[in-house]
Amino acid sequence: MIDSSPNSPLLPNSAETSAPEGPIEPTVVTDPDRLDRALLQGAHAWEASRGELALLCVPGMIDLHVRRLEMLAAVLGYPFSPEEMARVRATVTQNVEEGFAASPYSQLLVRYSPAPPPHRGLVWDIRPVAISYSDRAKLFLQYRPPKDSDRYPDAKVLDLAAALRAQAPAAAIPVLDVGAGTGRNAIALAQQGHLVDAIEFTPEMLDTIRQLAKDAGVAIDLIEQDIRDPAFTPKPDRYGLIVLTGVVQYFSDPAQLAHLLAKLAPALRPGGKIVMDCFVTTDGYDPTPLARQLSYVTDSFLLQPTELTRAIASLPLRVVSDEPALAYEREHLPPEALAAREWLDPWATGDRLFPLGDQQRPPVSLRWLVYERVTP
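Keep in mind the model is a prediction, meaning the values are calculated, not measured. (Residues numbered from 1 in each chain as written. Predicted model: local features only at pLDDT ≥ 70, side-chain atom pairs only at ≥ 80, totals over all residues. Heavy atoms only, no water.)

Looking at the nonpolar core
In this structure, L189, I220, L241, V243, V275, L302 and F354 are the most contacted members of the largest nonpolar core, which totals 41 residues. For this core, the leading source of residues is helix α5 (residues 155-165), giving five residues. Apart from residues lying up to four places away in sequence, V243 is in contact with V157, V175, L176, D177, V178, N185, L189 and V275. Core analysis: the second largest hydrophobic core is formed by 31 residues, L176, Y239, F301 and L315 among them. (Core = buried A, V, L, I, M, F, W, Y, C linked by side-chain atoms within 4.5 Å. Buried < 20%, exposed > 50% of the residue type's maximum accessible area, 1.4 Å probe, protein only. Helix = DSSP H or I, 4+ residues; strand = E, 2+ residues; numbered from the N terminus. Contact = heavy atoms within 4.5 Å.)

Structure below.
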């Protein structure tokens, strides 16, 4: 806690300052402005300020957080001393870094309240509050529960599955849905006759997809697994299609994608495909650390074209197609599906990460990437 009351040991002790020797005859003040200032100063002692801020635990925002707290303390009438500012900065820095390391969704909780009598001023409590992926899933389901109108699968996924069925019966082409969420794609693929394995690691999402699959009358093999776990190893040479949608956007390092593709590639049959959506930067744009961090927080993790190339450099994968995801979905989804997925446009265009306005576009694009397993 940081005590900004006048009696805080961090502040100079006015009683210790030197004073001229001998008694000083008080002066009677009659100036109205000076008296009004004194009145307000006295009234301020009877007021109480308390409140709470929930800030993002993003290291690139530490300077901004410190400035905001400095201005807030001044507005409340108890500005920080230089010593207190040093403590505020150290406390914010430590807690933001710890929170970000624990989860991209962590918050820096700042509370301020009156100092206990007889002290005046404020006491500040600054600490990180971690929000886990499971907590995030609960919030997702609370504020955007799956409804019939929200269960439309991705057009790109359905088109790739249809192309596979043109070559062989659906039952002969197992599909793996990685990070299946509420099962938008997994359930649709199972309805078309595919054997579907669905991986999800949050209990809330697993319970949801289990119930929705039951309601739809289809069987899906649910696998409770964190794909970031080193022990995660899918069955080799099994799948004709691996669906990796709405997953890469939650990564925090390009190396995570390389590690995941290295595990998924052997799980494909020769000629099998991986379909993946991810945010790719425009050539010439090098994201700053702040952009990388906030892309992690907003589920819009940024990848540069060179990072995608390196991710498959040593793998038996080749790029089959690379196209704008939003344009594809707009062209191939029915109108009712587009209307139900009103969140798609602002997210896919990068406006959630870079809110530039209608006349400007950020240097990123949500892309559909399709990889095919080739014979070495």
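Comments concerning the confidence of the model for the chain
When pLDDT is averaged along the chain, the result is 88; 89% of the residues meet or exceed 70. Of the regions scoring below 50 in pLDDT, residues 6-17 engages in 16 contacts with residues more than four places distant in sequence or in other chains. (pLDDT = per-residue confidence, 0-100.)

Describing the environment of V218
One can find V218 in the loop between α7 (203-216) and β7 (221-224). Put simply, V218 and A186 are 32 residues apart on the chain and 9.8 Å apart in space, counted from C-alpha to C-alpha. Non-local contacts of V218, meaning those with residues more than four positions away in its chain, are made with I187, A190, Q191 and A213.

Comments concerning unusual backbone geometry
The residue after P117, namely P118, is reached through a cis peptide bond having omega 5°. With respect to the secondary-structure elements, P118 resides in the loop between β3 (107-114) and β4 (122-129). The phi angle at D237 is positive, at roughly 55°, despite the residue not being glycine. Within the fold, D237 resides in the loop between β7 and β8 (239-244). Phi is positive for D299, close to 60°, though the residue is something other than glycine. You can see D299 is positioned in the loop between α9 (289-297) and β10 (302-303).

Some remarks on the side chain of S103
Within the secondary structure, S103 sits in the loop between α3 (82-102) and β3. Engagement of the side chain of S103 in a polar contact is seen with the backbone nitrogen of Y105, the distance being 3.1 Å. (Polar contact = N/O pair within 3.5 Å; in protein donor to acceptor, adjacent residues only side chain to side chain.)

Focus: helix α6 (residues 184-191)
Since the α-helix advances by 3.6 residues per turn, residues separated by three or four positions end up pointing in the same direction. Counting buried residues along α6, seven of its eight residues qualify, which places the element largely inside the surrounding structure. One or two positions beyond α6, positive phi appears at G193, with a value near 100°.

Some points on the packing of aromatic side chains
Applying the stated criterion across every chain yields a total of six aromatic pairs. Geometrically, the ring pair formed by Y285 and F354 is edge-to-face, given 6.3 Å between the ring centres and 80° between the ring planes. Taken together, the residues span a long stretch of sequence, with Y285 in the loop between β9 (268-281) and α9 and F354 in the loop between α13 (344-348) and β12 (364-373) at a distance of 69 residues. Of the two residues, Y285 and F354, neither departs from the other in class, the shared state being buried. (Phe/Tyr/Trp six-rings, centres within 6.5 Å; stacked < 30°, edge-to-face > 60°.)

Let's talk about the pattern of salt bridges
This model, assessed by the stated rule, comprises 16 salt bridges. Between R127 and D125 there is a salt bridge, with the nearest N and O atoms lying 2.9 Å from each other. On the basis of relative accessible area, R127 is assigned to the partly exposed category, the value being 41%. Look at D125 and you get buried, because its relative accessible area is 13%. (Salt bridge = Lys/Arg side-chain N within 4 Å of Asp/Glu carboxyl O.)

Here's the deal with the packing of α5 against α6
Two elements in contact, α5 and α6, have axes separated by 10 Å at closest approach and are oriented at 30°. In this view, α5 runs roughly parallel relative to α6, as classed from their interaxial angle. Considering the relative orientation of α5 and α6, their crossing is right-handed. Contacts between α5 and α6 pair V157, L158 and A161 from the former with N185, A188 and L189 from the latter. (Axes fitted to C-alpha atoms, helices over the stretch in contact; angles between N-to-C directions. Parallel < 35°, antiparallel > 145°, perpendicular 65-115°, else oblique. Left-handed = near helix turned anticlockwise from the far one by under 90°.)

A look at the environment of E331
Its place among the elements puts E331 in helix α11 (residues 325-332). Sequence-wise, E331 and A155 are 176 residues apart; in three dimensions their C-alpha atoms are separated by 9.0 Å.

Topic: helix α8 (residues 254-264)
Taken together, the buried positions of α8 are occupied by L257, L260, L261 and L264. Seen along its axis, α8 keeps its buried residues to an arc of 100°; they face one direction. Looking at the buried side of α8, the elements it contacts are β5 (175-178), β8, β9, β10 and α10 (305-311). With a side-chain oxygen positioned 2.8 Å from the backbone nitrogen of A255, the residue opening α8 is D253. (Arc of directions from axis to C-beta.)

What to know about the packing of α6 against α7
Put simply, α6 and α7 touch, their axes get as near as 10 Å, and they point 30° apart. Between α6 and α7, the angle falls in the class roughly parallel. You can see that α6 and α7 cross each other, and the crossing is right-handed. On the side of α6, the interface is formed by A186, I187 and Q191, while α7 contributes I209, L212, A213 and A216. A class-by-class count of the residues in the contact of α6 with α7 yields six nonpolar, one polar and no charged. (Nonpolar A, V, L, I, M, F, W, Y, C, P; charged D, E, K, R; others polar.)

A closer look at the pairing of β7
Across four bridges, the pairing between strand β6 (residues 196-200) and β7 is parallel. Looking at β7, one finds that D197 is bridged to D221. Read from β6 through α7 to β7, the crossover connection turns out right-handed. (Pairing = 2+ DSSP bridges. Right-handed = clockwise from strand over helix to strand, strands pointing away.)

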